[in-house]
Amino acid sequence: MRISDILHLRFCDIIKDGDRYRLNISEIKTGKERIFTVPEEIREFIDQYRIRNRMSEQQQLFDLSERQI
């Protein structure tokens, strides 16, 4: 994934799919759809991060620019 794709991730992009979680994104540069399986431990970590920082599910997970990275 490109940095620009990662910076636009939102918590609501992680979707429960049966007994697992998946991440559906559309690459900004190419427009291609990408699907990744997200381990439950990582999803739980991201959820705790969101709660600790009082973020809504619609907010971007990372408040950074490409230049800052």
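Residues numbered from 1 in each chain as written. Predicted model: local features only at pLDDT ≥ 70, side-chain atom pairs only at ≥ 80, totals over all residues. Heavy atoms only, no water.

## Brief notes about the overall build of the protein chain
Turning to step 1, where the next piece is worked out: Helix and strand counts for the protein chain stand at two helices and three strands.
Turning to step 2, where the next piece is worked out: Helices and strands in the protein chain line up, N terminus first, as α-β-β-β-α.
Turning to step 3, where the next piece is worked out: With the principal axes as the frame, the protein chain shows a C-alpha extent of 30 × 30 × 15 Å.
Turning to step 4, where the next piece is worked out: The buried share of the protein chain, taken over its 69 residues, is 28%.
Turning to step 5, where the next piece is worked out: Within the protein chain, contacts between residues separated by at least 24 positions form 45% of all contacts whose residues are at least 6 apart in sequence.
Turning to step 6, where the next piece is worked out: For the protein chain, the exposed area adds up to about 5300 Å²; of that, 49% sits on carbon and sulfur atoms. (Helix = DSSP H or I, 4+ residues; strand = E, 2+ residues; numbered from the N terminus. Buried < 20%, exposed > 50% of the residue type's maximum accessible area, 1.4 Å probe, protein only. Contact = heavy atoms within 4.5 Å. Areas by Shrake-Rupley, 256 points an atom, 1.4 Å probe, with all protein chains shown as cover.)

## A closer look at the environment of aspartate 13
Turning to step 1, where the next piece is worked out: Tracing the backbone through its elements, the reader meets aspartate 13 in the loop between α1 (3-7) and β1 (14-17).
Turning to step 2, where the next piece is worked out: Owing to a relative accessible area of 14%, aspartate 13 belongs among the buried residues under this scheme.
Turning to step 3, where the next piece is worked out: Counting along the chain gives 44 residues from aspartate 13 to glutamate 57, while the straight-line C-alpha distance between them is 8.7 Å.

## Quick look at the side chain of serine 4
Turning to step 1, where the next piece is worked out: One can find serine 4 in helix α1.
Turning to step 2, where the next piece is worked out: Those residues in contact with serine 4 that sit more than four places away from it in its chain are Ile28 and Glu66.

As far as function goes, none of this settles anything; it's purely spatial.
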